Each structure stands twice: as structure tokens, then as C-alpha cells.
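Examination of the molecular architecture
Now for the letters of each chain:
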Amino acid sequence: MAELIRSAGMSLKMAYDVPQIYTAHNAKTEKQFISLLEETRDVRWFIGGVHLWGKRISASGRKVAHCGDLNSYFGDIEVKASFLQAFKECFNDGITRKMVLEVNSGNEDSNSIVSDLQSAGIIFV
């Protein structure tokens, strides 16, 4: 799709929904998380915004989308750190993008995600 848009000379951009991409590819390991971000680099010029949110384990043991932060999403501080580094490398191309956080569990979780991104060197303008 990205190449079709490029060849047609359109200026269309898309939002890249990180958790949905991970779900669609059944990504559950650090290697899979990083690999998908590495593959994204080839089409990052096509991405105008990034959608990010956490997941939290419910009382029934099921992961609930749009709740929690990156700590609860990844469940491992080292995996989260690897994700943040790969995320920065993927989108470190000088293009300003919109960040769309969808966190229904409150400001604390939203602020945690922003803080994690900033600690990894992501700049908000």
C-alpha cells in the first residue's frame, strides 16, 4: 500500500497503531516486537502518527487494551527498554509525527508512557 501511494504521488499518511500491529502479528516476544519495528523503517515516511497504549491484566487474567502503561503491557522492564530503543530508532528520521495515546485507565498511566518515551529520547513538540 505504501508503495502504491508513493508511486501515485499522493501525500496520504497513516496512523501506525503499535499494539494493533503486535496483536495482528501475534507478537509476544522481545525479538518479535523489535523485528516489527525494524520492518517498519522501510515505510516510516508513510506514517503521520503513532497510536500507543498500555494493557493491564484484568481480575480474570485477560489483558485489557487501553488500560495500563508500558510496564503492564510488556511485563518486563528489559523488554520495555528494548522496545523503547527500537521505537526511537524506527522513528528517528527527523519527521515530526503525531502521538496518539489512548489510555482509559487515567492520567498516571498516560504520564508513565510519556515519561518512558521521553527517557528514551523521544522529543515532543
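The notes below deal with the structure included here. This one's a predicted model, so the numbers in the text were calculated from it and none came from an experiment.

Strand pairs in the sheet, formed through backbone hydrogen bonds, run parallel or antiparallel to each other. Read across the sheet, 3 strands follow the order 1-2-5 without closing on themselves; strand pairing throughout is parallel. Two strands bound the open sheet, and with one partner strand each, they are strand 1 (14–17) and strand 5 (98–101). Direction aside, the axes of adjacent strands within the sheet are offset by 25° on average. Alignment of strand 1 against strand 2 (residues 47–52), held across 4 bridges, turns out to be parallel. Residue pairing for strand 2: Asp-17 is matched across the bridge by His-51. Against the sheet, helix 5 (residues 77–91) contacts strand 1, strand 2 and strand 5, and its axis sits at roughly 165° relative to strand 2. On top of the sheet, helix 6 (residues 107–119) reaches strand 2 and strand 5; it is set at about 145° to strand 5, its chief contact.

Calculation criteria
Residues numbered from 1 in each chain as written. Predicted model: local features only at pLDDT ≥ 70, side-chain atom pairs only at ≥ 80, totals over all residues. Heavy atoms only, no water. Pairing = 2+ DSSP bridges. Helix = DSSP H or I, 4+ residues; strand = E, 2+ residues; numbered from the N terminus. Axes fitted to C-alpha atoms, helices over the stretch in contact; angles between N-to-C directions. Contact = heavy atoms within 4.5 Å.

From the geometry alone we can't say anything about function, so treat these as descriptive.
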